[in-house]
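Notes for the structure review
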Amino acid sequence: VPELYEDFLRSIGNLKQLLSGVRFDRKESGLVRHVAKTAESLRNILWDAKQSPEWSRPRLAIDAEWHGDHPCNPGSYIRCFQFSWAPQTAALVEMCGVGGTVNPEAREMVRIFNDFLLEHRPQLIGHFLTADLEWLIPAGLYSLYDLWKEKGFDTGLAAHSIWESSRLKLEYLAHKHM
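Before going into details, it helps to say that this report is about the structure given with it. Along each chain, the written sequence defines residue order, and numbers are assigned to residues from 1. Residues qualify for local features only when their pLDDT is at least 70, as the model is predicted, and side-chain atom pairs are given and counted only at 80 or more; totals for whole chains, interfaces and linings, by contrast, use all residues. Water and hydrogen atoms were dropped before computing side-chain values, which therefore reflect all heavy atoms in the structure.

Focus: the overall build of the chain
Worth spelling out the cut-off: By the criteria applied, helices consist of DSSP H or I runs no shorter than four residues and strands consist of E runs no shorter than two, each listed in order from the N terminus. In this analysis, two residues are considered to be in contact whenever any of their non-hydrogen atoms come within 4.5 Å of each other. Residue exposure ignores everything except the shown protein chains as possible cover, and the areas themselves are Shrake-Rupley values with a 1.4 Å probe.
A tally of regular secondary structure across the chain gives 7 helices and 6 strands. Put simply, the chain runs from its N terminus to its C terminus through helices and strands in the order α-β-α-β-β-β-α-β-α-α-β-α-α. Once local pairs closer than 6 in sequence are excluded, the contacts in the chain between residues at least 24 apart make up 64%. Of the roughly 11,200 Å² of accessible surface on the chain, a fraction of 57% belongs to carbon and sulfur atoms.

Written out as structure tokens, the structure reads:
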């Protein structure tokens, strides 16, 4: 069946990796995770990012998590956004807690992150980032819009332009190409 061909190839790739010793059921090692719940913790994370060798060519992969269909809908809220500047390194910025309780430091963290973006003007990378921008810009991260227009790269749109009828979920594409 032609529509199952990609799934078949992925399954063969999985088998090949398993036979070579790759274990998908094991935790990855070497991951560096940061969580910012305060303005001070975000400042420290951004300072670390600027010190990394990867920052010589500033790029940020960015993603957001939210509750609801659109930010204008009653009861909708942005839970957090995540960003990465180096392989196996990521930071989560908590905007709201469980149930939409706003983090009292969210506004200050947004200001700090905007200032950082405007100062360093990194290339933005995301997977269907326009969906995330619908939430990030109303949350106050207005600088993302101009950076996105200047030098944004959307992995979801790029994949779609090459494989129109393929699955486009990030997990599927990462597994397929890594």
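Quick notes on the sheet that holds strand E4 (residues 89-94)
The cut-off we apply is this: When DSSP finds at least two bridges between two strands, those strands are taken to pair.
Here we have 6 strands laid out as an open sheet, ordered E1-E4-E3-E2-E5-E6, and mixed in their pairing. Of all strands in the sheet, those bounded by a partner on one side alone are strand E1 (32-36) and strand E6 (153-154). In the sheet, strand E3 (residues 77-86) pairs with E4 via 5 bridges, with the strands oriented antiparallel. Within the sheet, the bridge partner assigned to phenylalanine 83 lies in E4 and is alanine 91.

Considering the packing of aromatic side chains
Heads up, the condition is: When the centres of two rings from Phe, Tyr and Trp lie within 6.5 Å, Trp using its six-membered ring, the rings pair. Their planes under 30 degrees apart give stacked, over 60 give edge-to-face, and anything left gives tilted. Exposed residues in this analysis have more than 50% of their type's maximum accessible area, buried residues have under 20%, and partly exposed residues fall in between, with area computed by a 1.4 Å probe over protein chains only.
As enumerated under the stated definition, the model contains 7 aromatic pairs in all. Consider the rings of phenylalanine 113 and phenylalanine 116, whose centres lie 6.3 Å apart with planes at 25 degrees: the pair is stacked. Residue phenylalanine 113 and its partner phenylalanine 116 are both found in helix H3 (residues 106-120); the two are separated by 3 residues, about one turn of the helix. In this structure phenylalanine 113 comes out as buried when scored by relative accessible area, which is 0%. Using a relative accessible area of 5% as the deciding quantity, one classes phenylalanine 116 as buried.

Some points on helix H1 (residues 5-19)
Helical periodicity: at 3.6 residues per turn, an α-helix aligns residues three or four positions apart in one direction. Note the threshold: Take the residue count of a helix, subtract one, and multiply by 1.5 Å to get its expected span.
The end-to-end C-alpha separation of H1 is 21 Å, in line with the 21 Å expected for 15 residues at 1.5 Å each. Positive backbone phi, approximately 105 degrees, marks glycine 21, located one or two places after H1.

Overview of the pairing of strand E2 (residues 59-67)
Strand direction decides the pairing type here: E2 and strand E5 (residues 123-126), joined by 3 bridges, are parallel. Within E5, the position partnered with leucine 60 by the bridge is leucine 124. Where E2 meets E3, 7 bridges bridge the pair, whose relative direction is antiparallel. Residue pairing for E3: alanine 64 is matched across the bridge by phenylalanine 81.

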